[in-house]
Every structure is written in C-alpha cells, then in structure tokens.
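Inside the fold
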Protein chains: 2
Amino acid sequence: MVDPDSPEQAYLQVANDLGRRIQAGEIRGRLTSERDLAGEYEVSYGTIRRAMGILRDRGLVVSVHGRGTFVTRASGS
Amino acid sequence: MVDPDSPEQAYLQVANDLGRRIQAGEIRGRLTSERDLAGEYEVSYGTIRRAMGILRDRGLVVSVHGRGTFVTRASGS
DNA sequence: AGACATTTGTACGTATGTATG
DNA sequence: GCATACATACGTACAAATGTC
C-alpha cells in the first residue's frame, strides 16, 4: 500500500518497497505482473510503470516484452 | 477565519493559526490544498501562498510539487 | 496455421496540485 | 483574482511480444 499522507511520491514509495523486498530476497524470479501490482498497491498502472523504470535503472530487475519482469541475479539476498 | 480588524497582517494571522494547529497536533500528514485553504480562511490565494512560505521557513511543513504540502515529522504534538 | 491468453509497452485524456507571474 | 506552466496520478484503450493449445 501507498501512504497518501506521505510527502514521498507514490511511484517512489512503490519503487522503494519493491526494491527493499527484492534485496531482502522476498521476491525472486518473476515479479507479479505490472497490472496486478497496480491492484496490490492500489495505484494506477502508470504509477507502477514509473516505479518499474526506477527499478530497471537501479539494475534490480529486467523486463521482457510479453514475458514479464524478472529479478536480476545479483539483486537477491 | 481572519480578523480584518486586527492590526496583524492577514498572511501572518493565517501562518500563526496554521502553525499553532500543527504544533497542537490537530493537523498531521497532508494539509488541505492551498486553493481550498484560501476558501476556508476567506483570503486570496496569494495570501495563503505567503503564509505557506512562512511555515516552510519555520520548518513546519514541506511542499512537494504535484503532491501537496505536508507536516514535517518533528512538528506535531 | 489459427485462436487465445498473458504480459509489457505506448498513448491518450482528465483531474488535481504546486509554481510563477 | 486570474492565467499559464509544470508535475503527479488515474483510467482507459490499443499495440506488440511471447507462449500455449
């Protein structure tokens, strides 16, 4: 979930939460689809897209068109 | 509301009132938008802007473009 | 080949909010 | 008080890639 009372932007809250969970080893392999993540975090698809872009820039995940988004090998615990 | 018969300037009345309510813990998280505050205090938007600038200078709030103005953590009760 | 489902990718329009003059 | 610009966020629709049956 995202805290609307936080000054932190929604897409950053999502990116930081996912990044933390990835580095903690909670998430491995394939991530939940972007649209499903939008439902889980209760934000729009565009917000998830933006958060994913940040995770890709950080090198934590790679996205494959038509297949999904995957945790990179070095990112886990 | 603002007292037009007071010698204190309108933007100072607003800033002081909001500052008092923040430090009393009445306001936390996200503030009402600047446009709505202008309606509540029955002053112009510019007056609210000026009052907000004072609250920011005092470190009571932070404003985030496109998201809102937020009470800083240390400001509440 | 074809049909279908799933998923990422792209592109709108709309609403709301701050920033500035 | 108003207009303009910019940023965030939402919602939707459609396109493109992949895999399965």
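Summary of the structure given here. Values in this document were obtained by computation on a predicted structure and should not be read as measured data.

Below, the discussion takes up the interface of chain A and chain B. The interface is formed by 9 residues belonging to chain A together with 6 residues belonging to chain B. Across the chain A to chain B interface the summed buried area is about 510 Å²; carbon plus sulfur atoms make up 55%. Summed over the shared surface of chain A and chain B, the number is 0 salt bridges. In this assembly, chain A and chain B are joined by 3 residue pairs in polar contact (both at pLDDT 80 or more). Class assignment of the residues belonging to the side of chain A that touches chain B gives a composition of 3 nonpolar, 3 polar and 3 charged.

The next subject is the protein's contact with DNA strand D. Taken together, 17 residues form the shell around DNA strand D, and within it Ala10, Tyr11, Thr47 and His65 of chain A together with Arg67 of chain B come nearest. Considering DNA strand D, the proportion of its atoms within 4 Å of the protein that are sugar or phosphate atoms stands at 69%. One of the backbone N or O atoms of alanine 10 of chain A is found 2.5 Å from a phosphate oxygen in DNA strand D. The contact in question runs from a phosphate oxygen of DNA strand D to an N or O atom on the backbone of serine 44 of chain A, over 2.9 Å. Among the elements of the structure, helix H1 (10–23) and helix H3 (45–57) of chain A are those that each provide at least two residues to the surface near DNA strand D. In terms of residue class, the surface near DNA strand D is built from 5 nonpolar, 7 polar and 5 charged.

On to unusual backbone geometry, then. All names here are of chain A. Unusually for a residue other than glycine, glutamate 42 sits at a positive phi of about 55 degrees. By the element assignment, glutamate 42 lies in the loop between helix H2 (34–41) and H3. When its relative accessible area of 59% is taken as the criterion, glutamate 42 is described as exposed.

Calculation notes
Residues numbered from 1 in each chain as written. Chains lettered and ligands numbered in written order. Predicted model: local features only at pLDDT ≥ 70, side-chain atom pairs only at ≥ 80, totals over all residues. Heavy atoms only, no water. Contact = heavy atoms within 4.5 Å. Buried area = accessible area lost by both parts, 1.4 Å probe. Salt bridge = Lys/Arg side-chain N within 4 Å of Asp/Glu carboxyl O. Polar contact = N/O pair within 3.5 Å; in protein donor to acceptor, adjacent residues only side chain to side chain. Nonpolar A, V, L, I, M, F, W, Y, C, P; charged D, E, K, R; others polar. Near = heavy atom within 4 Å. Helix = DSSP H or I, 4+ residues; strand = E, 2+ residues; numbered from the N terminus. Buried < 20%, exposed > 50% of the residue type's maximum accessible area, 1.4 Å probe, protein only.

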